[in-house]
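So the chains spell out like this:
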Amino acid sequence: MKITYYKETDSIYINLNEKVSKETVEVNQNLNIDFDENGNPVGIDIHGEASKLVDLRQFIYQPSVA
């Protein structure tokens with residue numbers, strides 16, 4: 001997974017895997033989800049004022065404990 005912040009457009013793209021996007025669904029004016037050919041999510045695009053929607057000051061990765 002790779003997260004990229006684009007300062008010039010104040011947008012964030014979360015690439016969930018390396019698969020190619022075949023379809024994009026607009027959830028709302030600030031959120032799109034990309035899907036592969038099998039309907040699996042491959043990316044999340046938060047655009048237009050992403051810094052107001054997401055706290056960009058820190059990123060915490062925490063795996064679940066079984």
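Residues numbered from 1 in each chain as written. Predicted model: local features only at pLDDT ≥ 70, side-chain atom pairs only at ≥ 80, totals over all residues. Heavy atoms only, no water.

*Asks:* I tried to follow the sheet that holds strand 3 (residues 23–28) on my own but got confused; where do I start?
*Replies:* The pairing of strands in a sheet happens through backbone hydrogen bonds and is either parallel or antiparallel. Strands sit in the order 1-2-5-4-3 across an open sheet of 5 strands; the sheet is antiparallel. Strands at the two margins of the open sheet, each flanked by one partner only, are strand 1 (2–6) and strand 3. Each strand axis lies, on average, 15° off the axis of its neighbour in the sheet, ignoring direction. Inspection of the sheet shows strand 1 paired to strand 2 (residues 11–15) by 5 bridges, in the antiparallel sense. Its bridge partner lying in strand 2, threonine 4 is registered against tyrosine 13. (Pairing = 2+ DSSP bridges. Helix = DSSP H or I, 4+ residues; strand = E, 2+ residues; numbered from the N terminus. Axes fitted to C-alpha atoms, helices over the stretch in contact; angles between N-to-C directions.)

*Asks:* Looking at this structure, I do not really get the pattern of salt bridges. What am I missing?
*Replies:* Two side chains carrying opposite charge are able to pair once their charged atoms lie near each other. Evaluated as defined, the whole model comprises 3 salt bridges. Linking lysine 19 and aspartate 36 is a salt bridge whose minimum nitrogen-to-oxygen distance equals 3.7 Å. Taken together, the residues span a long stretch of sequence, with lysine 19 in the loop between strand 2 and strand 3 and aspartate 36 in the loop between strand 4 (31–35) and strand 5 (41–46) at a distance of 17 residues. A salt bridge links aspartate 55 to arginine 57, with the nearest nitrogen and oxygen atoms 2.9 Å apart. Taking relative accessible area as the criterion, arginine 57 reaches 75% and is therefore assigned exposed. (Salt bridge = Lys/Arg side-chain N within 4 Å of Asp/Glu carboxyl O. Buried < 20%, exposed > 50% of the residue type's maximum accessible area, 1.4 Å probe, protein only.)

*Asks:* Can you help me understand the environment of serine 51 in this one?
*Replies:* Among the structural elements, serine 51 can be located in helix 1 (residues 50–53). Serine 51 gets classed as partly exposed once you look at its relative accessible area, which sits at 37%. For the pair serine 51 and asparagine 32, spaced 19 residues apart in sequence, the C-alpha to C-alpha distance is 16 Å. With residues near it in sequence (within four places) discarded, serine 51 still touches Tyr5, Asp10 and Leu56. (Contact = heavy atoms within 4.5 Å.)

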